[in-house]
Amino acid sequence: MRLKRIQFSIVLIVLVTVALVVSCSSLIQTGPAAPAVAVHPEADFTRSCVECHSEATPEITAQWAASGHGKLNYGCYICHGDGEAEFTVTPATDNCVACHSSSAEHLEDVAGTGCFECHNGHSLIAE
Amino acid sequence: MKQLNRREFLKTSAAATAAAGVGVSLFPGMAWGDQARDGLNWHKSVCRYCGVGCGVMIGTKDDKVVAVKGDAENTINNGHLCVKAFYLPKAVNADTRLLNPMVRKDGKLVETSWDEALDVVAKNFNKIRKEHGPDALAFYGSGQAETEETYMANKLFKGCIGTNNVEGNPRLCMASAVGGYLTSHGLDEPAGTYEDIEKSECFMLVGSNTAEAHPIIFERLMRHKHANPNVKIVIIDPRKTPTDQVADLHLFPKPGFDLPVFNAISQVLIAEGYADEAFIKAHVGFKSNDGKLGDLESYKKFLEDYTPEKAEKISGVPAADIVKAARIFGKSKTAMSMWTMGLNQRQRGVWSNNLVHNWHLITGKIGVPGSDAFSLTGQPNACGGVREGGGLCHLLPGHRVVANEQHRKEVAEVWGVPAANIAPKPGKHTVAMFGALTDGDIKGIYIMCTSPAQSLPNAKKYWKGLKEQFVVVAESFYPTMTTKYADVVLPAAFWSEKEGVYGCTERRSQYMPLTVPPRGQARWDAFILRDIGKRMGFEKEFAKYETAEIMWDEYRSLTAGKDMDLMGASYGRLKKVRGLTWPVPTEDHPGTYKRYTKGDPVFDRLPAEKKAGRRMYFYGSKTNDGKATVWMRPHMDPAEPTDAEYPFALTTGRILEHWHTLTMTGTAPQLNRAVPKAYAEIHPADAKKLGIANRSQIVLGTRRGEMQIEARVIDRPAPGTIFVPWHWEEWPINVLCNDAFDPGSKEPEYKVAAAWVRKA
């Protein structure tokens, strides 16, 4: 189980890094680059995200559980997709704005280019 | 850093996302690579799901719904969405949308033309009517239908065909709340609105898993408590739920044994001096259970039998907790009670509602900001379309009843039909209606926007009737458990593909625009009903309904001068504003925050002498004295108490991620991943006794059958209680539910069934 967790974490870190690099570099591009498709590590997809991740990534799950999303039980899928049909590592800002449309002005106020510039991805606390 | 304006920001973030290209689409309904949001048209609308009535903006492009976002200008949700609403575009664009009419031929449903499908319906309905009379036909609608749709059904069946066999699924969820309001306040629907939430010091959440069933209301509660830590929240529910995160106190009565707890809270409120005797004197009357007039003294005498200690013996709730709950309510300057199916879906649902109303009436915690007895509605237009629109077997539009001759005359005149067409006797309520279908007394039924084959309690009992009689199903999705039995299936336009009005929990009516053409050959339900009417021979009666606005205007003309006056809520106005809370009698009226008090146009019109010395006047009072009623309702066991053979109480309900029979939420892989299948929650102590491990298979049985299902061993249900969410066709738990119903509201007791459990 421990090995599986480490493997999972490594894959996740690589994916996050790739996504962030591609995402940041895109800000200075004039046109879209070729999409890099992220793939969720193999998992038992008959289980819910939270059920599995409370074992695989307990720290992250705990951060999420204490967050506004966790308190409302808005699960991993709302930002990361279902893991099979759709999967992302770093959710698009527009996804956030869809449910937090009243925060669009706030984004302008802080001149941010994305919610996760300030907000931790799982605790959602502004750092 | 360079300051970005909104447009630049959005363009930048869209580019970043396209380049990152790591999966989740910007907009849940959009195809991959189609994520540019420039060029989208945004339309102000209302969420398709629960009764909260959240404002949503629908994003369309090239006649397709591609996005949804919260409407930041709507004060109900302030731009926020719950997880179900976020994925609405997936439901609109789902492969499971029904696109063509179908008629059963040689035992199989085959695609056909609208012309043939409508002819089959009209000819069969006319044949049944001619051979067996109008009461051999029935309509079964939905709290998700628009007001205009239910209005057309009402006119066709009650006004033209001549049967009051008109029902809808709100009978299964809200009828007891209606009965509670009518008997306690004299008129249906709450006195206050959501505006009370942020003004209240205390909340009693009774039989309500607000966090999952009404998430945006829960979010408002959570924010309010976070900002005001002195706010107290008491939960009364046999099950611990995510709502408990905000609870200061949780009372766990045995399912079906909470009435003594409610009475005991009243007993403590009076005994410890929290009653407002001046308010009672001016505003409240008392009635014993058989309807005889009483007074405060006889009420006190009645309550002597409901001490916290006695309530503990019956309910299992510690007496000390009952006292604590009463003190929290009594000490708070303002208090809101909110409830839903835990009170309503009960053999004594109306009584349960009455007993919660009593707390507010004896303490005067009603009619002032922050205080109200506020029923949360389950479906988006159960209030607007069915309760207000008269879509049940005893009702007519505008809070009228079929039994009242004057009401029948008023409605018949507007409908342009002889008053004699509308029968004075109520039709068959839902359980009786499907019973009559099974017995063969009803031979043809039109089912719109709901799936009773899955949702009815003791559902299997009624499949025979659906199989044997002539069944028409108008639906947006295919297949459902009900379309399996249909002789004709009609593709209905879905949310966003039609215009109309939804009226939510807080008396707010909101307009929804047509944003894209209906998919395939789908048509708007109201037009389908109109055209069936014409083909049945009621050409003249349905000639004028060319637009939704004509239907709405005719309907609201029936509300003029009524307690639920909508004359100020024209389409023109509703298109501009984020809904209006009735009564709203004129185009310049802002809508009403509090009923029965100053600011309510009906109250304001009352003669001064009636209002002298009182701050509220319950103008629907049956005793004609403007007084609300405190009822002395005794305890009564549920229809199926547990026993040695059936030692568990089975209770069912919703979860956050899914809705009813999964036709909509089942189209979002994300929501399916979150909760992929049904499960049975069982307390660890019970699981240990039975040797049941978490995620193992168990068999669950009631007097109506048994089902294999996965166990979730968790300390949410109280020991002795089993909870199963009801959404999945593969685990149709309602088959095991009891169809015993409240004798007043006729709402079935979904919330309590005696059950046994064993390892599979």
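Residues numbered from 1 in each chain as written. Chains lettered and ligands numbered in written order. Predicted model: local features only at pLDDT ≥ 70, side-chain atom pairs only at ≥ 80, totals over all residues.

Draft legend 1. Structural detail: the overall build of chain A. Secondary structure assignment for chain A yields seven helices and zero strands. Listing every helix and strand of chain A by position from the N terminus yields α-α-α-α-α-α-α. Looking at chain A as a whole, 33% of its 127 residues are labelled buried. Residue pairs at least 24 apart in sequence account for 54% of intrachain contacts in chain A once pairs closer than 6 positions are excluded. (Helix = DSSP H or I, 4+ residues; strand = E, 2+ residues; numbered from the N terminus. Buried ≥ 20, exposed ≤ 12 C-beta atoms within 10 Å, placed from the backbone. Contact = placed C-beta atoms within 7 Å.)

Draft legend 2. Quick peek at the environment of Ala-755 of chain B. Residues and elements named next belong to chain B. Its location among the elements puts Ala-755 in strand 29 (residues 753–759). With 24 C-beta atoms packed within 10 Å, Ala-755 lands in the buried category. Along the backbone, Ala-755 and Glu-640 are 115 residues apart, and their C-alpha atoms lie at a distance of 9.3 Å. Ignoring any residue separated from it by four or fewer positions in sequence, one finds Ala-755 in contact with Tyr-646, Phe-648, Leu-650, Leu-700, Gly-701, Thr-702 and Ile-722.

Draft legend 3. Geometry of the sheet that holds strand 14 (residues 372–375) of chain B. Residue and element names in this part refer to chain B. The five strands are arranged 10-9-8-13-14 in an open sheet whose pairing can be described as parallel. Strands with a single pairing partner mark the edges of an open sheet, and in this sheet they are strand 10 (249–251) and strand 14. With direction set aside, neighbouring strand axes in the sheet form an average angle of 15 degrees. Direction of pairing for strand 8 (residues 202–206) relative to strand 13 (residues 336–339): parallel, over a ladder of four bridges. Opposite Phe-203, over in strand 13, you have Met-336 as the bridge partner. (Pairing = 2+ DSSP bridges. Axes fitted to C-alpha atoms, helices over the stretch in contact; angles between N-to-C directions.)

Draft legend 4. How the structure looks around unusual backbone geometry. All names here are of chain B. With an omega dihedral of -5 degrees, the bond running from Tyr-478 to Pro-479 counts as a cis peptide bond. Following the sequence through the fold, Pro-479 ends up in the loop between strand 18 (470–475) and strand 19 (488–491). Going from Trp-582 to Pro-583, the amide bond is cis rather than trans, its omega being -5 degrees. Mapped onto the elements, Pro-583 comes out in the loop between strand 22 (580–581) and helix 24 (601–605).

Draft legend 5. Region of interest: the domain arrangement of chain B. Residue and element names in this part refer to chain B. Parsing chain B into structural domains produces domain 1 (6–92), domain 2 (102–173 + 381–579), domain 3 (185–375) and domain 4 (648–759). Counting from both sides, the interface comprises seven residues of domain 1 and, opposite them, seven residues of domain 3. Here the residues of the side of domain 1 that touches domain 3 are counted per class, giving five nonpolar, two polar and no charged. (Domains from an automatic or database assignment. Nonpolar A, V, L, I, M, F, W, Y, C, P; charged D, E, K, R; others polar.)

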